[in-house]
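Observations on chain architecture
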Amino acid sequence: MPLIHGAEKNKGFSTLDTVAYALVFLCFNGFLGWLFLQTLPIKQEFDFWLVGLYCILSLVSYYYFVLNDLLASQLKGRSMALGFLFAHGAFTFIGYAQVFQMPENMVWYISGGLLVSAYVFGAYGATRFSHYNSQTREMMRLSSETDELTGLFNRRHYARYSQQLITSLQNKSKPLSVIMFDLDDFKQINDNLGHAAGDVVLIEIGRIMLNNLRKSDYAYRWGGEEFLVLLPQADLIAGEQVANKIIAQVAAATFHYHKHDIRLTISAGLAEYSHQDDYLQQTIKRADKALYQAKQQGKNQAVLASDESPDMALSSEINKPTQAQTE
Ligand SMILES: Nc1nc2c(ncn2[C@@H]2O[C@H](COP(=O)(O)OP(=O)(O)OP(=O)(O)O)[C@@H](O)[C@H]2O)c(=O)[nH]1
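Rules and cut-offs
Throughout this document, residue positions are counted from 1 along each chain, in the order its sequence is written. Two thresholds apply to this predicted model, a pLDDT of at least 70 for residue-level local features and 80 or more for giving and counting side-chain atom pairs, whereas whole-chain, interface and lining totals are computed over all residues. Only hydrogens and water are set aside when side-chain values are computed; all heavy atoms of the structure are taken into account. UniProt positions are given in the numbering used here, feature names are shortened, and annotations may be inferred rather than shown by experiment. Distances are taken per atom, and a residue is near a molecule or strand as soon as one of its heavy atoms is within 4 Å of it. In the analysis that follows, any N or O atom pair within 3.5 Å is treated as a polar contact, provided that within protein one partner can donate a hydrogen and the other can accept it, and provided that, for residues neighboring in sequence, both atoms belong to side chains. Using the Shrake-Rupley algorithm and a 1.4 Å probe, accessible areas are obtained, with residue cover drawn only from the displayed protein chains. Helix and strand assignments come from DSSP, with helices taken as H or I runs of at least 4 residues and strands as E runs of at least 2, each series counted from the N terminus. Take the buried residues of types Ala, Val, Leu, Ile, Met, Phe, Trp, Tyr and Cys, join any two whose side-chain atoms come within 4.5 Å, and each joined set is a nonpolar core. Residue exposure (1.4 Å probe, protein chains only): buried if accessible area is under 20% of the type maximum, exposed if over 50%, otherwise partly exposed. When checking whether two residues touch, look at their non-hydrogen atoms; a contact exists if any pair is within 4.5 Å.

Naming follows an unreviewed UniProt entry, where the protein appears as diguanylate cyclase of Marinicella pacifica. According to the UniProt record, the Cofactor (unreviewed entry) comment for the protein is "Mg(2+)".

As structure tokens, then:
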């Protein structure tokens, strides 16, 4: 599961493509419209239905493949649109041939050619359209599972995939470490420099997290200034190393907001998922308790949940600033 989320850039159609297609389509319709005018006044009932069919096809095609795409600034499939155009042309041509009483051979030759091209374009276009659709769905899924500010996963992702993760680890009897991080005295930054400065810090913290995690790890923005990290296949020792690395990097970093240099620290609570735990949520609770302990013990440190370390002897402190400092 990649930590940096984002679907491959959608290769849609350029404005030029759209304009070119719209022009071709309008010219084609214009020409047919002109031809059609030559047939008036309508003498037979058949011609009446032909007019109706022509109008409906024109409206539908115009709306779906020109207006709709122009308004959305992207054609959903030029080939599909061309296919539709050719089919439209073929049927209209058959209709006009009746009106003009053209030789049958010529009619079927021309309309047959148009129809075959229509199928080829349409089939190719439909493939591209379905590719476009699956890309769009994937992008929507990713954005619904991602925190807008930091780009980390959000709780929706956790709700959807945590059980799946646990099941796969359980099957392989692999460990899972859970780290709950919380920024220290973050409120001071908001109060002193404003919310926008706090946001800059949150983004940078998210970046530090991602830089220190493997592709198989999961980083979540859990709450306002709280981050949850899941480390599949990592025991507590490995988890503690990761937590301490992040704590050290946050403490050493200076964040910039306009002319202000911002420094702060982060605390962490760790717990290892035990396969006896019914829910991952229970492990998270233990990690949360350990985090509270870390705050109580002076912040800027990682504390292991009491089950893993009853005397809290494993808590590790890093001698860096313990208060959020703003200059
Ligand atoms: N800029 C910004 N601030 C946020 C966001 N979400 C929550 N906060 C702020 O985070 C701060 C959390 O404050 P507290 O819960 O008192 O925590 P703290 O100041 O870090 O104190 P300790 O946790 O005890 O170290 C509040 O000021 C919230 O407004 C956000 O998305 N952007």
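The ligand sits among 16 residues. The nearest are Asp 185, Phe 186, Asn 190, Asp 199 and Arg 221. At 2.9 Å, a backbone N or O of Lys 187 approaches an oxygen atom of the ligand. One nitrogen or oxygen atom from the side chain of Asp 199 is found 2.7 Å from a nitrogen atom belonging to the ligand. Contact with the protein chains removes 66% of the 660 Å² of surface that the ligand exposes when unbound. Elements supplying a minimum of two residues to the shell around the ligand: β1 (176-183), α6 (186-193) and α7 (195-211). Counting residues per element, the shell around the ligand draws most heavily on α7, which supplies four residues.

Looking now at the nonpolar core. Formed by 36 residues in total, the largest nonpolar core has its most connected members in Ile 179, Phe 181, Leu 183, Val 201, Ile 205 and Leu 264. Secondary structure elements with two or more residues in this core: β1, α6, α7, β3 (226-232), α8 (236-252), β4 (255-257), β6 (266-272) and β7 (301-304). Broken down by element, the residue count for this core peaks at seven residues, all from α7. Not counting residues up to four positions away in its chain, the partners in contact with Ile 179 are Phe 227, Leu 228, Val 229, Leu 231, Gly 239, Val 242, Ala 243, Ala 268, Gly 269 and Leu 270. Ranked by size, the runner-up nonpolar core spans 23 residues in total, among them Phe 153, Leu 169, Leu 176 and Ala 287.

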